[in-house]
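Architecture and fold: a report
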Amino acid sequence: MKKIDPETPKRWKEDPSNWKLWGMVYYNPEDPRIFPPKPIEWMGWTINFANPKSVIAFIVLLIVALLPVWFIH
């Protein structure tokens, strides 16, 4: 992973072109982070849907969260 300037993530987060669907989906192919912070940081993190590792991590977390539902039902 290449070194990122400390100001770059802030610029990415504030750039409206990186936020799709009325600011609900973060999509930035330049951003290597798997879980970047949401625009309002106290709200947690989001998924960078332009990063394949991020999408895989999201799918794995979703499956793990749904496993108990499948086994209880």
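Our subject is the structure listed above.
To start, this report covers the structure provided alongside it. (Residues numbered from 1 in each chain as written. Predicted model: local features only at pLDDT ≥ 70, side-chain atom pairs only at ≥ 80, totals over all residues. Heavy atoms only, no water.)

**Examining the side chain of Asn28**
Operational definition: The way it works is that DSSP assigns letters per residue, a run of H or I at least four long becomes a helix, a run of E at least two long becomes a strand, and they are numbered from the N terminus. As used in this structure description, the phrase polar contact means that two N or O atoms lie within 3.5 Å; if the pair is within protein, one of them must be able to donate a hydrogen and the other to accept it, and residues adjacent in sequence are counted only when both atoms belong to side chains. For this analysis, residues touch if any pair of their heavy atoms sits within 4.5 Å.
Looking at the element boundaries, Asn28 is found in the loop between β2 (25-26) and α2 (52-72). From its side chain, Asn28 meets the backbone nitrogen of Glu30 in a polar contact 3.0 Å long. Contacts of Asn28, omitting those with residues within four sequence positions, involve Trp12, Asn18, Asn48 and Ala50.

**Remarks on the environment of Phe58**
When you line up the elements, Phe58 lands in helix α2. Residues Phe58 and Phe35 lie 23 residues apart in sequence; the distance between their C-alpha atoms is 9.4 Å.

These figures capture arrangement, not role.
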